[in-house]
Amino acid sequence: MTGVRAVVADDSHFMRSVISDILEEGGVDVVAEARNGREAAALVDEHRPDVVTMDVEMPEMDGIAAVERIMADCPTPVLMLSAHTDENADVTFEALEVGAVDFFTKPGGEVSMEMSRLKDQLVDMVRSVAGADVGAGDGASPTGSGDRSGTATAAESYVENPTLVIGSSTGGPKMVERVLSELPLAADLRILIVQHMPEGFTGRFAERIDARSDYDVDEARHGARIGGGEALVAAGDRHMRVTNYGSGRLRVKLTDDDPVNSVRPAVDVTMETAADVVDDPLVGVVLTGMGGDGADGVRRIRQAGGHTIAQDEATSAVYGMPRRAAETGCVDDVLPIEEISRGVLDAITREVTR
């Protein structure tokens, strides 16, 4: 996007100045700065910016309450700025639940020097979030299990030993939670999840999905193995490679190889290695996110005889990754988020002779 207008909210005058300077240098017009959530909500209503950068912890009104107010009064894409702590990870996910699009982790140590080092990443993320559709995916059910509407009928049964690989980025956490909450344990899937998310947050993300799904969900560890009814979330800052598969169980290893598509973990790495190794039914799903990660992965899964699905534009917060995947010509189905679990089950369902 060009001509992006932003409101910066942080209780620290120093951090407001650092963030504003970085954004201005990156071509983002900072139209106002707020010292707390109450000011932020009022300034959003006054200036109607394209994006808000929102601190998590602020006096008078914290970031979560501010996001709720903004979404109710003047829906605007919000990027949370979160300190890298377990407590802030929990609060950040709460902010995503109430409408924030994504989050950026504040560095530790000498903040001004570290923020400067990460300035290109911050500007890119602000621009990406500014282009998000904050109404996309409404109706996702992040706080509980789905309705399992995709459960097989009496005249159907599932193929043996299916594997599902899901990739997502900006706007993805709620979407991933919804898909997993709607997949019945009877499908006996082995599930690999790659969400672009920094180290320190993926463990909490796995815990959240585990609480909302019938599947046993863990953060991936080097050498981890899973079978039916189990899922792994790629650990932050590590690629998750599928190394071997046999008797319905697959093993992964984590690597710190160079980023792929400028990200680590990369969806392509997990999808491509799954396509190389898994010889039972395989399904690849690309959800909302910026960039092109996952496009090569769905190509490889399709070449290996697997089934591929991309989220549609209307329900994607950022229609980048799904669009690039669809443009490969290797996507079997483009579906709204509410139909993706059913699409996965259709791909692994076989008709039983009556």
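Note: the structure precedes this text.
Computed from a predicted model, the values in this text were never measured in an experiment.

> Sorry if this is basic, but what is going on with a negative patch on the surface here?
Taken together, the side chains of Asp11, Glu57, Asp62, Glu68 and Glu94 make up a negatively charged region of the molecular surface. As for its position among the elements, glutamate 94 is in helix H4 (residues 86–98). Take glutamate 94: its relative accessible area is 38%, and that puts it in the partly exposed class.

> Looking at this model, I keep getting lost on the pairing of strand E14 (residues 282–286). Mind explaining?
The side chains of a regular strand alternate, first on one face of the sheet and then on the other. Within E14, five of the five residues are buried, which leaves it mostly tucked inside the rest of the structure. A two-sided burial pattern is seen for E14, the buried positions comprising Leu282, Gly284 and Val286 on one face and Val283 and Val285 on the other. Sheet topology places strand E7 (residues 163–168) next to E14; five bridges connect them, and they run parallel. Residue pairing across strands places glycine 167 opposite valine 286, the latter belonging to E14. Note: E14 against strand E15 (residues 307–311), four bridges, orientation parallel. Residue valine 285 lies in a different strand from E15, and its bridge partner there is isoleucine 309. For the segment spanning E14, helix H10 (residues 295–303) and E15, crossover handedness is right-handed.

> Help me understand helix H9 (residues 267–277), please; the structure alone is not making it clear to me.
Think of an α-helix as turning once every 3.6 residues; residues three or four places apart then point the same way. In terms of burial, H9 is a largely internal element, eight of the eleven residues being buried. Within H9, burial applies to Val267, Asp268, Val269, Thr270, Met271, Thr273, Ala274 and Ala275. Buried positions along H9 lie against E7, strand E8 (190–195), strand E12 (239–246), E14, H10 and helix H11 (321–327).

> Please clarify how the sheet that holds strand E9 (residues 216–219) should be interpreted in this entry.
Sheet strands associate in pairs through backbone hydrogen bonding, adopting either a parallel or an antiparallel arrangement. Pairing in this open sheet of seven strands is parallel, and the strands run E9-E11-E8-E7-E14-E15-E16 from one edge to the other. Here the strands that pair on one side only, and so sit at the sheet edges, are E9 and strand E16 (333–335). The sheet shows a mean angle of 20° between the axes of neighbouring strands, taken without regard to direction. Summarising the sheet, E7 and E8 pair through six bridges and their orientation is parallel. Paired with leucine 164 across the two strands is isoleucine 191, which belongs to E8. Those strands touched by helix H7 (residues 172–181) are E7, E8 and E15, and its axis lies near 170° from that of E8.

Thresholds applied
Residues numbered from 1 in each chain as written. Predicted model: local features only at pLDDT ≥ 70, side-chain atom pairs only at ≥ 80, totals over all residues. Heavy atoms only, no water. Patch = residues over 30% accessible without salt bridge, like charges linked within 9 Å, V, L, I, M, F, W, Y side chains within 5 Å. Areas by Shrake-Rupley, 256 points an atom, 1.4 Å probe, with all protein chains shown as cover. Salt bridge = Lys/Arg side-chain N within 4 Å of Asp/Glu carboxyl O. Lys, Arg positive; Asp, Glu negative; His and termini not counted. Charge placed at Lys NZ, Arg CZ, Asp CG, Glu CD. Helix = DSSP H or I, 4+ residues; strand = E, 2+ residues; numbered from the N terminus. Buried < 20%, exposed > 50% of the residue type's maximum accessible area, 1.4 Å probe, protein only. Pairing = 2+ DSSP bridges. Right-handed = clockwise from strand over helix to strand, strands pointing away. Contact = heavy atoms within 4.5 Å. Axes fitted to C-alpha atoms, helices over the stretch in contact; angles between N-to-C directions.

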